[in-house]
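Per-entry structural report
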Amino acid sequence: MLELLVLRHDDAYTHKLPEIIHDAGYQIINLKDLVACGRRAPDSTINLEEQRSEILACILTLARQLNPGWRLHMRDRRLEAPAGESINLTSLEFNFLKIFSMVEVNEAVSRKKIVKEFGEDYLSYDQNRIDTMVKRLRKKIETHIHVKLPLKTERVRGFSFGDVLIIDP
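The text that follows walks through the structure, step by step, so that each part is easy to find. (Residues numbered from 1 in each chain as written. Predicted model: local features only at pLDDT ≥ 70, side-chain atom pairs only at ≥ 80, totals over all residues. Heavy atoms only, no water.)

1. Focus: the overall build of the chain
Scanning the chain for helices and strands turns up 5 helices and 6 strands. When the helices and strands of the chain are placed in sequence order, the string is α-α-β-β-β-α-α-α-β-β-β. Taking all 169 residues of the chain together, 28% fall into the buried category. Residue pairs at least 24 apart in sequence account for 50% of intrachain contacts in the chain once pairs closer than 6 positions are excluded. Surface summary for the chain: the accessible area is close to 11700 Å², and the carbon and sulfur share equals 51%. (Helix = DSSP H or I, 4+ residues; strand = E, 2+ residues; numbered from the N terminus. Buried < 20%, exposed > 50% of the residue type's maximum accessible area, 1.4 Å probe, protein only. Contact = heavy atoms within 4.5 Å. Areas by Shrake-Rupley, 256 points an atom, 1.4 Å probe, with all protein chains shown as cover.)

2. A few points about the packing of aromatic side chains
As enumerated under the stated definition, the model contains 5 aromatic pairs in all. Ring centres of Phe96 and Phe100 lie 5.2 Å apart, and the angle between their planes is 75°; this geometry places the pair in the edge-to-face category. Of this pair, Phe96 and Phe100 are both found in helix H3 (residues 91-101), 4 residues apart, which corresponds to roughly one turn of the helix. The buried category is assigned to Phe100, whose relative accessible area is 3%. Ring geometry for Phe96 against Phe159: centres 5.9 Å apart, planes inclined by 85°, an arrangement best described as edge-to-face. You can see Phe96 sitting in helix H3 and its partner Phe159 sitting in strand E5 (residues 158-161), a full 63 residues away along the chain. Each member of the pair Phe96 and Phe159 is classed as buried. Ring pairing ties together the aromatic residues Trp70, Phe96, Phe100, Phe159 and Phe161, which thus form one cluster. (Phe/Tyr/Trp six-rings, centres within 6.5 Å; stacked < 30°, edge-to-face > 60°.)

3. Let's talk about the pairing of strand E1 (residues 70-73)
Each regular strand displays side chains that alternate between the two surfaces of the sheet. Residue alternation in E1 divides its side chains into two sets, Trp70 and Leu72 and Arg71 and His73, and both sets are buried. As defined by bridge partners, E1 adjoins strand E6 (residues 165-168) across 4 bridges and the pair is classed as parallel. Considered in E6, the bridge of Arg71 is made with Ile166. Across 3 bridges, E1 lies against strand E2 (residues 78-80) in antiparallel orientation. Counted as the bridge partner of His73 is Arg78 from E2. Following E1, the chain reverses through 4 residues before pairing antiparallel with E2; Arg77 in that reversal takes a positive phi of roughly 45°. (Pairing = 2+ DSSP bridges.)

4. Regarding the environment of Trp70
Structurally, Trp70 is set in strand E1. Once the C-alpha coordinates of Trp70 and Pro82 are considered, the two residues, 12 residues apart in sequence, prove to be 5.2 Å apart. For Trp70, the side chain forms a polar contact with the side chain of Asp163, separated by 3.4 Å. (Polar contact = N/O pair within 3.5 Å; in protein donor to acceptor, adjacent residues only side chain to side chain.)

Right, here's the structure in full:
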């Protein structure tokens, strides 16, 4: 389902907006005051830049609630599942999963591209190393956070990740 976030300034037509959106077949998530979900309510003493920061923080919070996806945390090489559980990764596992954050959901990544991202020569790289790492990674995720990793083996084409994968700094 397509999700829309409508930010508005003028309240003249807001009473009609939910009906129009609903009639078009969209689910409505209504926020009376976007900034109110931030850390503090806006007032005249807060400058425009602080208000923008509050609004951005709120939008990011909403985005995580609507579609949390999987998250790779750069700082501590950790993978976080959509429900919030997380697990530390080895540098190789982290580099492997990071590749899927750069492509579309379900887009296949070839073994050749994976090996090149590892900084290795494709012709001399033992392909069994990738298969072993993937098998261990899947088992590690399932054992420790009790969720199946949406990493799919694409016959002949390589691997794909079947969910949103976001890199957090």
